[in-house]
Each structure stands twice: as structure tokens, then as C-alpha cells.
Amino acid sequence: DTGVSQDPRHKITKRGQNVTFRCDPISEHNRLYWYRQTLGQGPEFLTYFQNEAQLEKSRLLSDRFSAERPKGSFSTLEIQRTEQGDSAMYLCASSLAGSGANVLTFGAGSRLTVL
Amino acid sequence: AQSVSQHNHHVILSEAASLELGCNYSYGGTVNLFWYVQYPGQHLQLLLKYFSGDPLVKGIKGFEAEFIKSKFSFNLRKPSVQWSDTAEYFCAVNSRNDMRFGAGTRLTVKP
């Protein structure tokens, strides 16, 4: 297992376009998280899944953002009608449920630049 | 509102200097506390964690942190920093299922 993988590493798009990021967690981890990080800030929680169920979603998350984890393995994060304010690093992390739920393993992130 | 505060935005030290990075949180109830580190060009990595028990926890690379419940603090320390410790350090708190991070402290160690 090579850890948490994210794709693409960098995406440049024009305002108004849709973008999708993919995350492949550590195979035995059943929890998957999405965070957003902007320059000079710590990661900001967006949403998390346990298996295929999306259990929590940040109230700050716009309706333009949607995440899925259809088979409880990989996850996608889609941003529709991108805005310049969406430019950020999108981080995925995974963990075990139960006693290991609090130890997150992060991927390298997907950097979004909206022109 | 629940929050995590890191006192220093950027810390510059010379090698062999001692390090202390402050972290305070404003959660009620039981919390789990973490320090993550992000080396230049690398992803976030767990440095150390506190769940319960001895409030002084030791992590990788000679780092330690002390949980002081009465002060809602979880400060990170290292007696003698090295150039390779140059990185960004994030304090994080988990009180339910969403882990909240501080804004981070950038540490620059001069050789």
C-alpha cells in the first residue's frame, strides 16, 4: 500500500468550469475525509465518509461542492461552476473507524487554480 | 465557537535552539489532540498525538507535547532543533468526528 493517493496533483481551470478530484485511501481504512487548505491557513474540514455513507458535511460547504464514495473505496470531490475563491489545495485523508478513527493519514493534495 | 489557535505564525531559530510552539483550543468535553508536520514539498504527517493518560507525550524526531487541561493547551516542544526541522507545524483537535486544525506555525531553522 502506497498511502493515500490523490489525482490530479494540480488542476488549472477557468472560472465557471467543473472540476473533479479523486482520492484513493489506504485500502483497509473505512473513513475518508476531505479538507481544503488555503495559503497561510490550516486544513479546513469539508466532509467525511464512513464506508460509502457521507456522515458529516461542513455547513461552510457550498452547494456547488459534492462528494461521493460509491463503493466505499475511492472518493471523488466535484466542484461545479468554479469560482476564483475555490482556488486552494484539496486534501484527502483516511483513517480506521473505532479507536483509530482519530489518526488521519493525508494524501499529497490536489491543488486547484481557478483563473 | 470551537477553535484552535496557534500563537506564532512564523518562528525563526538557529540550530540547537530550543523550540516551543503554542496551541490553545476552545472545545468542551473530551478531546483528542494532535500535532501534524508538513515538510517542504511533502504532505501532512502525524508528529504526535494525545488521547488520554500521561499528559506529556513523545513523538517522532525528538518532539514532545504537553497537554494542560486547565489551560486548554497542547504546546509542542523540542530541546534542540535541527535544520531538517524546517517545516510547517499544525495543531489539531478532534472532539467528535471532524478534526479542526490551527492556522499553522512556519518554523525556519537556520544552519
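Residues numbered from 1 in each chain as written. Chains lettered and ligands numbered in written order. Predicted model: local features only at pLDDT ≥ 70, side-chain atom pairs only at ≥ 80, totals over all residues. Heavy atoms only, no water.

### Some points on the packing of aromatic side chains
The full count for this structure, using the stated rule, is 15 aromatic pairs over all chains. Taking the centre distance of 6.3 Å and the plane angle of 35° together, the rings of F34 of chain B and Y36 of chain B count as tilted. Here F34 of chain B and Y36 of chain B have matching classes, each one buried. Note on F63 of chain B and Y89 of chain B: the rings are 5.5 Å apart at their centroids and 40° apart in plane angle, and the pair reads as tilted. Here Y89 of chain B lies in strand 10 (residues 87-94) and F63 of chain B lies in the loop between strand 7 (56-58) and strand 8 (64-68), a separation of 26 residues in the sequence. Both residues of the pair, F63 of chain B and Y89 of chain B, count as buried. Residue placement shows R22 of chain A over the ring face of F74 of chain A; its charged tip is 3.9 Å from the ring centre. (Phe/Tyr/Trp six-rings, centres within 6.5 Å; stacked < 30°, edge-to-face > 60°. Buried < 20%, exposed > 50% of the residue type's maximum accessible area, 1.4 Å probe, protein only. Helix = DSSP H or I, 4+ residues; strand = E, 2+ residues; numbered from the N terminus. Lys NZ or Arg CZ within 6 Å of the ring centre and 35° of its normal.)

### Observations concerning the nonpolar core
Counting residues in hydrophobic clusters, the biggest one holds 29 residues, and the most contacted among them are L33, W35, L48, F74, L76 and Y89 of chain B. Among the elements that take part in this core, strand 10 of chain B stands out by supplying 4 residues, more than any other. Ranked by size, the runner-up nonpolar core spans 19 residues in total, among them I26, L32, I79 and V114 of chain A. (Core = buried A, V, L, I, M, F, W, Y, C linked by side-chain atoms within 4.5 Å.)

### A short note on the state of the cysteines
All names here are of chain A. For the structure on display, the rule yields 2 disulfides over all chains. Across the disulfide from C23 sits C92; the S-S distance is 1.9 Å. Every disulfide takes its handedness from the sign of the S-S torsion; for C23 and C92 that torsion is -70°, giving left-handed. Pair noted here: C23 is in strand 3 (residues 19-24) and C92 is in strand 9 (residues 88-95), with a separation of 69 residues, a long-range link. (Disulfide = S-S within 2.5 Å.)

### Brief notes about the interface of chain A and chain B
Facing the 19 residues of chain A at the interface are 19 residues of chain B. For the pair chain A and chain B, the summed buried area comes to about 1,600 Å², and 54% of that belongs to carbon and sulfur atoms. Counting across the chain A and chain B interface gives 0 salt bridges. Counting every contact that joins chain A to chain B gives 3 residue pairs in polar contact (both at pLDDT 80 or more). Those elements giving two or more residues to the side of chain A that touches chain B turn out to be strand 4 (31-37) and strand 5 (44-50) of chain A. With 4 residues, the single largest contributor to the side of chain A that touches chain B is strand 4 of chain A. Its residues assigned to classes, the side of chain A that touches chain B comprises 10 nonpolar, 7 polar and 2 charged. (Contact = heavy atoms within 4.5 Å. Buried area = accessible area lost by both parts, 1.4 Å probe. Salt bridge = Lys/Arg side-chain N within 4 Å of Asp/Glu carboxyl O. Polar contact = N/O pair within 3.5 Å; in protein donor to acceptor, adjacent residues only side chain to side chain. Nonpolar A, V, L, I, M, F, W, Y, C, P; charged D, E, K, R; others polar.)

All we've got here are geometric facts, nothing functional implied.
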